Amino acid sequence: MRVKYTTLFLSLLFIVVNCAEAGKPTNETKAINSLLSKMTLEEKVGQMTNLTLEAVSNKNDDFVTLDMAKLRNAIVTHNVGSVQNAITHAYTLQEWHYITNTIQDVALKETRLKIPNLYEIDAVHGANNTIGSTLFPHNLALAATRNPELARIAAEITAKEVRASGIRLDFSPVLDVGRQPLWPRFPETFGEDVHLVKTMGVASIKGYEGKSLRDVNSVASSMKHFIGYSAPADGKDRTPAYIPEINLREYYLPPFKAAIAAGARTLMVNSGDVNGTPLHASKYYLTDVLRNELGFKGVITSDWEDIKKLHERHKVAASNKEAALLAVNAGIDLVIVPLDFSFYDDLIALVKEKRISEKRIDESVRRILQLKYDLGYFETPYLEPEAVKNFARPEYKEAALNAARESVVLLKNFNKLLPLTKNKKYLVVGPSANSLTSLHGCWSYTWQGTESKYFANDTLTILQAIKAKAGETNVTYVQGTDFNTTNINIDDAVKAAKNVDVVIVALGEDAYAETVGNIKDLELPEIQQQLVKELAAAGKPIVMVLSEGRPRIIRKIEPNAQSIVLANWAGSQAAPAIADVLFGDYNPDGILPYTYPRFSGELVTYDHKLLNEAVEINAPVYKYEFAFSPQFPFGHGLSYTTFEYSNLTLSTKKLVGDGHLRVEVTLKNTGEVSGKHTVELYSSDLYASIVPSVKRLRKYQKIALAPGESQTLVFELNKSDLAFVNEQLTTVTEDGDFEISIGTLKETFNYLNK
Ligand code: BGC
C-alpha cells in the first residue's frame, strides 16, 4: 500500500469519521480550519493555483513522463494544489495511474502539510482522455433522445472510467444553452431549450456525482461555462456576447440554478465577455448572482489562462497583477494558470500589499480543501484499486449503443424509402462515410478529436456498419469528396451510383473543438452539396446521412434526398446505431433539440416571439414573406410507425396560486411496428407584460408503445412552469389566459395569483 498517512491526516480523519459514525454533523469545518490555520500565505495561494500536465512533464508525443524537477518546483516550491489535462492525446489507464500517483507522492511525501493533490480532466462524452474508454453521444445528441436517464447513465459510466483513471474531478457538463448554432461548441450543449438543458444537465450531474463524492463510482462535476458563453454575437468561440439581463435570466441562468439546487460541486467560468464585462472579472455575476443569489457554495474555477487574458486580450486590466486582483475579488477560487507562476506571485504580492485580504484567500482555500475532503483525498489519496475494476466493462458498449440509437433523428422519409432492405445494392459515398472522427467530434481521445489512431479497433465507420448489415458484396464505396473543398472522385461516384439500387451519401462535419471550429457560414460546404447534386443526376434514390456538430444548412440539396438521417456526433456506437435505423433494426425516435435553420440569415429559435413570424397583411404591395420557416422545427423527428394524440384534458380551467394543473393526453401507436415517442408539452402565455414567446417547452415524457397500444400520460404543472422574467428582472407568473399544446391539440385555462 502506497498510502502513508501523516499524524495530521489521521487526526483529521478521526474527527470526520467519528462524527459521521455518531450520526452528528461532521467536524470537517473544524478540521479544515485547523489545517488552514497552519498554512502560510504561499501554501494557501498554491492551493488556488492549477497547472496543466504539460507544465510538469517532458515533451514526448508517445508516452508522457513527468519531469521531476518541474514537478517539485510546482508542488513543493510553489505549493501547487491541483493539476489537470492531458498533453496532445489520451493515455492508457496505466499511464494515468503513473501520472496521478507520482504527483500524489510528491504532494504527500515532500510538502510540509502533505495536502493531497487534486487532478482534473475534461471527460465530456465518456472518459475521452483515457484510451479504451467508452465514448457516448455528445450532449447535443443526448438531448435528441429526450431521455434524461440515458444522460445519467452516460455520466455515471464516464465517472467510473474517470475515477478508474485515478482522476476525481470532471470539467463537465456544459450547461450553456445552445441558441447560436454557428458557435463551434454547439455540439457540447444540450440544445436551444432551457427546460431541456435543465433536465438533461441535472441528470448528467447526478450521474457524475452519484450519492457521494467519496464513492469510487463518482467524480465531482463542473458545470460550465458561467455564463453567456454560448451566445457570441458573431457565432465564433470566445467572442463578445451582448445579452440583455432579462434574457440572461430567462434563458441562460436557469440551468445553473437547477444544477446548483441538484448539488453540483464545482463551476467553470465563461472565457468571454458579456455586455463588455469579461466574466472572469465580474463580481456581479460571480459573487452577487452566483454566490449570493443562487447560493452556490462550491469551487469556482477559471477557464484556461483566463486571468492573464483579462490583461492580454480583454484589456480590462493593465497588468497580469491587476488581472489577478480583479478575478479574485470577483470571486474566483481556483485558477487554471496553467503554465507558469505569475498568478501565484501576483496574488501573494497583492495580499502582502493589502490589496486583497487574507480572509478572502481563506474563503477560496476552504472551499478547495472541502472539495478534497469530500472526494476522499484525505483518506485515500492514491489510486483506488476498487475504482479500477470499473474500467471498460462489457455493458458500457450496450449503454453507448442505446444512447446512440435514441439520438439518431429521422428528418425526412419520402415515400417510405427507409427502412432499407438488406438484399439490395448500395453505393456508400461521402466524406463521413468511412470516417471515425466525424462520428465522434471534439474531445475524442484528442482535444480536437481528429486522430483516429487512438480509437478502439472495433469502432465501426458508417461504411463498415452498412456492410455488416447488407453484406460486403452488396456495398460499393467511393469517397467522392473531402469535407471542405476537394473533389476526390465525384465522377467515379456518379458512375457507381448508376449500378446500385440506392445511394447512401454520408455528409457533415469532421471533428473540431473550440476556436478551431469557427466557421463563417453555416451552409454545408459547397463541395459536399455538389456531390449530392451530381449523384442526383444518376437518378437513383438518395438517403442522406448527416454526421455533424451543428446544423449545417442543406436547403439546396434537401430536395435531392428522399430520406435524411441525422446523428449529432453520437460516439463510439454511432455507426451501428445509424445502420440499425437505416435497415429498420431500430425504429428511430430521436427528435431535434434545436431548430434546424433553412437560411444562414434566419437563426431563429422555436421559442421566438410572434413578430418573428409576422406577415404584413395590410400592405399587399410590400407583402412580407413568412419569416419563420426552418428546414426542420425543434422537436421534429420521424418514426417508422405513426402516433396519434387524443383526449387532451386539463384538471381545471382555473389554476389559482400554488395549485397544480394536471394535464392528460392519450397517445396511440397507430402504425405497424413498435416505437418510442416523446410527448412534448408546451405552454403559451397569451398576453403578458413582456412580449411572450409563441410557446415554451415545459415538460416532456418518452414512452414505448406496441402497434395498436395506447397510453394516457399525465403531466403536473404549477405556476413556476408558466413563469417568465419581467421588466423588473423578477421571475413572475402573471394572471391571465394560457394555452397548453401537445402535438396539434390545444386547451386553454386561466391562472390567477392569490
Ligand atoms: C475549455 C474548457 C475546458 C478547459 C480545460 C478550455 O479551453 O474552454 O471547457 O474545461 O479548456 O481543458
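The structure presented is a predicted model; accordingly, all values stated were derived computationally and were not measured.

Rules behind the numbers
- Residues numbered from 1 in each chain as written.
- Predicted model: local features only at pLDDT ≥ 70, side-chain atom pairs only at ≥ 80, totals over all residues.
- Heavy atoms only, no water.
- Pairing = 2+ DSSP bridges.
- Helix = DSSP H or I, 4+ residues; strand = E, 2+ residues; numbered from the N terminus.
- Axes fitted to C-alpha atoms, helices over the stretch in contact; angles between N-to-C directions.
- Near = heavy atom within 4 Å.
- Polar contact = N/O pair within 3.5 Å; in protein donor to acceptor, adjacent residues only side chain to side chain.
- Areas by Shrake-Rupley, 256 points an atom, 1.4 Å probe, with all protein chains shown as cover.
- Nonpolar A, V, L, I, M, F, W, Y, C, P; charged D, E, K, R; others polar.
- Phe/Tyr/Trp six-rings, centres within 6.5 Å; stacked < 30°, edge-to-face > 60°.
- Buried < 20%, exposed > 50% of the residue type's maximum accessible area, 1.4 Å probe, protein only.
- Lys NZ or Arg CZ within 6 Å of the ring centre and 35° of its normal.
- Contact = heavy atoms within 4.5 Å.
- Domains from an automatic or database assignment.
- Salt bridge = Lys/Arg side-chain N within 4 Å of Asp/Glu carboxyl O.
- 1 Å grid on protein atoms, 1.4 Å probe; cavity = no way out; pocket = protein on both sides within 12 Å on 5 of 7 lines; lining within 4 Å.
- Points joined across faces, edges and corners; volume = space filled by probe spheres on them.
- Expected span 1.5 Å × (residues − 1).

J.: Run through the sheet that holds strand β27 (residues 736-742), naming residues and quoting values.
T.: One open sheet accounts for five strands, arranged β20-β28-β27-β22-β23; its pairing is mixed. Of all strands in the sheet, those bounded by a partner on one side alone are β20 (654-656) and β23 (696-705). On average, each strand axis in the sheet is tilted by 25° relative to the strand beside it, whichever way the strands run. The sheet contact formed by β20 and strand β28 (residues 745-752) spans three bridges and is parallel. From the neighbouring strand, K654 faces β28, where its bridge partner is N750.

J.: An account of the site of the ligand is needed here, citing residue identities and associated values.
T.: Taken together, Q84, N85, D122, F171, R185, K224, H225, R238, M268, D303, W443 and E514 are the residues near the ligand. Here an oxygen atom of the ligand sits 2.7 Å away from a polar atom, N or O, in the side chain of R238. E514 places a side-chain nitrogen or oxygen 2.8 Å from an oxygen atom of the ligand. If the ligand stood free it would expose 310 Å²; the protein chains cover 95% of that surface. Here the shell around the ligand is composed, by residue class, of three nonpolar, three polar and six charged.

J.: Tell me about the packing of aromatic side chains, residues and numbers included.
T.: Tallying each qualifying case throughout the model produces 15 aromatic pairs. A centroid spacing of 5.5 Å and a plane angle of 75° characterise the contact between W96 and Y119, whose relative ring orientation is edge-to-face. Of this pair, W96 sits in helix α5 (residues 93-110) while Y119 sits in strand β5 (residues 118-121), and the two are 23 residues apart along the sequence. What makes W96 buried here is its relative accessible area of 0%. For Y119, a relative accessible area of 2% translates into the label buried. Members of the aromatic cluster, each reached through a chain of ring pairs, are F186, Y594, Y596 and F632. A cation over an aromatic ring shows up here: R179 above the ring of Y251, its NZ or CZ 3.9 Å from the ring centre. The residue whose ring lies beneath K695 is Y682, and the NZ or CZ to ring-centre distance is 4.0 Å.

J.: Could you give me a rundown of the environment of D374, with the residues and numbers involved?
T.: Within the fold, D374 resides in helix α15 (residues 358-374). Overall, the relative accessible area of 15% leaves D374 in the buried class. Considered as a pair, D374 and A433 are 59 residues apart in the sequence and their alpha carbons are 46 Å apart. D374 has contacts with E28, L213, R214 and R265, leaving out every residue within four places of it along the chain. Reaching out from D374, the side chain makes a polar contact with the side chain of R265 at a distance of 2.8 Å.

J.: Requested: an account of the environment of L93, with residues and values cited.
T.: Among the secondary structure elements, L93 is positioned in helix α5. What makes L93 buried here is its relative accessible area of 10%. Residues L93 and E209 lie 116 residues apart in sequence; the distance between their C-alpha atoms is 21 Å. In contact with L93, not counting residues within four places along its chain, are T130, A164, S165, V388 and F391.

J.: Kindly report on the domain arrangement of the protein chain, identifying the contributing residues and their values.
T.: Partitioning the protein chain into structural domains gives domain 1 (1-119 + 357-392), domain 2 (399-582) and domain 3 (643-752). Centre-to-centre separation of domain 1 and domain 2, based on C-alpha positions: 45 Å.

J.: Which residues make up the pattern of salt bridges, and what are the values?
T.: Summed over the entire model, instances satisfying the criterion amount to 50 salt bridges. One salt bridge connects R355 with E322, and the closest N-O pair in it is separated by 3.1 Å. Of the two residues, R355 is situated in the loop between α14 (342-352) and α15 and E322 in helix α13 (residues 320-330); the sequence distance between them amounts to 33 residues. On the basis of relative accessibility, which here comes to 36%, the residue R355 falls in the partly exposed class. One salt bridge in this structure joins E558 and K412, with 2.8 Å as the shortest N-O distance. Taken as a pair, E558 in the loop between β17 (542-547) and β18 (563-567) and K412 in strand β13 (residues 409-413) lie far apart in primary sequence, 146 residues in all. Judged by its relative accessible area of 16%, E558 falls in the buried class. Here the residues in one salt-bridge network are R185, E188, D237, R238, D303 and E514, joined through shared partners.

J.: Tell me about empty space enclosed by the protein, residues and numbers included.
T.: With the rule as written, the count across this model stands at eight cavities of 30 Å³ or more. Forming the boundary of the largest cavity are 14 residues, of which Q47, I75, N79, T111 and I115 lie nearest the centre. Looking at the lining of the largest cavity residue by residue, the classes come out as six nonpolar, five polar and three charged.

J.: Now, about the pairing of strand β21 (residues 661-669): what can you tell me, with residues and values included?
T.: In terms of strand pairing, strand β19 (residues 643-650) meets β21 through six bridges, oriented antiparallel. When the sheet's bridge partners are listed, S646 is paired in β21 with T666. The pairing of β21 with strand β24 (residues 710-717) spans eight bridges and is classified as antiparallel. The residue bridging L661 from the neighbouring strand is L717, located in β24.

J.: Which residues make up the sheet that holds β21, and what values go with them?
T.: The antiparallel open sheet is built from three strands, whose spatial order is β19-β21-β24. Each having just a single partner strand, β19 and β24 make up the two edges of the open sheet. Strand-to-strand twist in this sheet, taken as the mean axis angle between neighbours without regard to direction, amounts to 20°.

J.: Go over helix α17 (residues 395-407), please, and point to the residues and values.
T.: In this model, α17 (13 residues) spans 19 Å end to end at C-alpha, consistent with the 18 Å of a helix rising 1.5 Å per residue. Among all positions of α17, only Y396, A399, A400, L401, A403, A404, R405, E406 and S407 are buried.

J.: Describe unusual backbone geometry, with residues and values.
T.: For the bond from S172 to P173, the omega torsion is 10°, close enough to zero to count as cis. Note that P173 resides in the loop between β6 (169-170) and α8 (194-209). Each neighbour pair has its own omega, and for K224 with H225 the value is 0°, a cis peptide bond. Structurally, the position occupied by H225 is in strand β7 (residues 220-226). The phi dihedral of R146 is positive, around 50°, even though this residue is not glycine. For R146, a relative accessible area of 1% corresponds to the buried category. With a phi close to 50°, E514 is a non-glycine residue in the positive phi region. Relative to the assigned elements, E514 resides in the loop between β16 (502-508) and α21 (526-536). Residue class for E514 comes out buried when judged on its relative accessible area of 10%.

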